[in-house]
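A closer look at the structure
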Number of protein chains: 2
Amino acid sequence: MPKIVDHERRRAEIVQTTWRMIARHGLDRATLREVAAEAGYANGAIKPYFPAKSDLLEATFRHVFSRTNDRGAAATQGLDGFDALRAFCLEVLPLDADRLDEARVVIAFWQLALHDPAQAEVNDSAMLQWRSSIRGWLDAARGADDDGDGGRAPVQTLAETLLTFLLGAQVAAVFDPDFNSPDQLVAQLDGQLDLLRR
Amino acid sequence: MPKIVDHERRRAEIVQTTWRMIARHGLDRATLREVAAEAGYANGAIKPYFPAKSDLLEATFRHVFSRTNDRGAAATQGLDGFDALRAFCLEVLPLDADRLDEARVVIAFWQLALHDPAQAEVNDSAMLQWRSSIRGWLDAARGADDDGDGGRAPVQTLAETLLTFLLGAQVAAVFDPDFNSPDQLVAQLDGQLDLLRR
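What counts and what doesn't
- Residues numbered from 1 in each chain as written.
- Chains lettered and ligands numbered in written order.
- Predicted model: local features only at pLDDT ≥ 70, side-chain atom pairs only at ≥ 80, totals over all residues.
- Heavy atoms only, no water.
- Least-squares fit on C-alpha atoms with pLDDT ≥ 70 in both.
- Contact = heavy atoms within 4.5 Å.
- Buried area = accessible area lost by both parts, 1.4 Å probe.
- Salt bridge = Lys/Arg side-chain N within 4 Å of Asp/Glu carboxyl O.
- Polar contact = N/O pair within 3.5 Å; in protein donor to acceptor, adjacent residues only side chain to side chain.
- Helix = DSSP H or I, 4+ residues; strand = E, 2+ residues; numbered from the N terminus.
- Nonpolar A, V, L, I, M, F, W, Y, C, P; charged D, E, K, R; others polar.
- pLDDT = per-residue confidence, 0-100.

**Re the relation of the copies chain A and chain B**
- Expressed as a screw transformation, the operator carrying chain A onto chain B has a rotation angle of 180° and an axial translation of 0.0 Å, and the superposed copies differ by an RMSD of 0.0 Å. The transformation relating the two chain copies, once decomposed into turn and shift, fits a two-fold axis. Relative to the rotation axis, the closest C-alpha in chain A is found at G168(A), a distance of 1.7 Å.
- Of all interface residues in chain A, 100% are interface residues in chain B too; the two copies therefore contact each other through one and the same surface.

**Regarding the interface of chain A and chain B**
- Every contact between the two is made by 44 residues of chain A and, on the other side, 44 residues of chain B.
- At the boundary of chain A with chain B, total buried surface from both sides reaches about 3,400 Å², with 63% on carbon and sulfur atoms.
- Scanning the region where chain A abuts chain B turns up two salt bridges.
- One salt bridge connects D176(B) with R131(A), and the closest N-O pair in it is separated by 3.2 Å.
- There are eight residue pairs in polar contact (both at pLDDT 80 or more) connecting chain A and chain B.
- Taken together, the elements giving at least two residues each to the side of chain A that touches chain B come down to α1 (4-25), α5 (97-113), α6 (117-144), α7 (155-175) and α8 (182-197) of chain A.
- For the side of chain A that touches chain B, a count of residues per class yields 20 nonpolar, 15 polar and nine charged.

**Comments concerning the confidence of the model for chain A**
Residues and elements named next belong to chain A.
- Residue-level pLDDT values for chain A average 92, and 93% of them are 70 or greater.
- When pLDDT is averaged over each helix and strand of chain A, the minimum, 90, is found for α1 and the maximum, 97, for helix α4 (residues 81-92).
- Here the prediction assigns the complex a pTM of 0.94, and the interface score ipTM is 0.93.

What follows is the structure, encoded as structure tokens:
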């Protein structure tokens, strides 16, 4: 068994290789053997880190959410309310090649999560975290600008609507890029934020 | 080779069996052998209808869109503008067990479409059709109620935003049903339609 520091670094390298392979070639290509070959490791060198393909896939799914969440944390630092909300959404939207790769990997994992409780749990916990952040920012925005209008939609509905939009944008950008360029996605987002501001 | 009428009926039966199997057990279970067993056919009885698994999957993906489109056509008959738009969206949203099954199958097919041009083409042509209908209804709504306000968002942006929402709703309803009950999805939809009405 390798030293702990090397162990963590190697695990990270393997996961990096895996998510790029899935983005480019799909889930079926990401076997332990193919990942080892792509990462330049000997065949069998993955097993000490990820005994089964399912372990590797779960770590890879977590990694993709971590990438998004790390960007979101950096972008929203020092912000609150609508400013934080918009900054976070701009990191979730697939606005560049890297994030389109993330979207491809997430679409692949959704299919796994339909019938694999471990993958579904990774998705659930990421969605709970996003939901909690979005609600917090919406509450802050409403508190700072509360005009006492009881007719406004509940924060819960608004938060779910925004989540639904962010999930759909992953699909729309990957399959219909001609209608969902970065500018067009940002215009769609700003429409959604208008809806929340009212 | 069976007679043409029987041939068409058998094809339809096989596709019906396949989409339900994919909804319940996932893509990996939908082999020609498993589908034959589930449909009560002899092993090898699928081949005259669908020579390869990819042919069966493509026909199944088309079938799921046809189900939605047939419901949409029935629901929008005699309607135009916002009424048609809302009626169509209510047929696309996964508001019951059958449509949640459709959503599961569509999520599975998206993963295939990432790396399979034939499946991607099925998706593209369905999305072009939805886009064209949505734009037509939006144009009609705007024409009937045109206040000459040049500040409104272009129909194209509004149509894509609604498509993005409808795609995201497939994912949200399947993975987060506690936050996306039928009532909650309809409330989200009505928020989206408010956005289009302004």
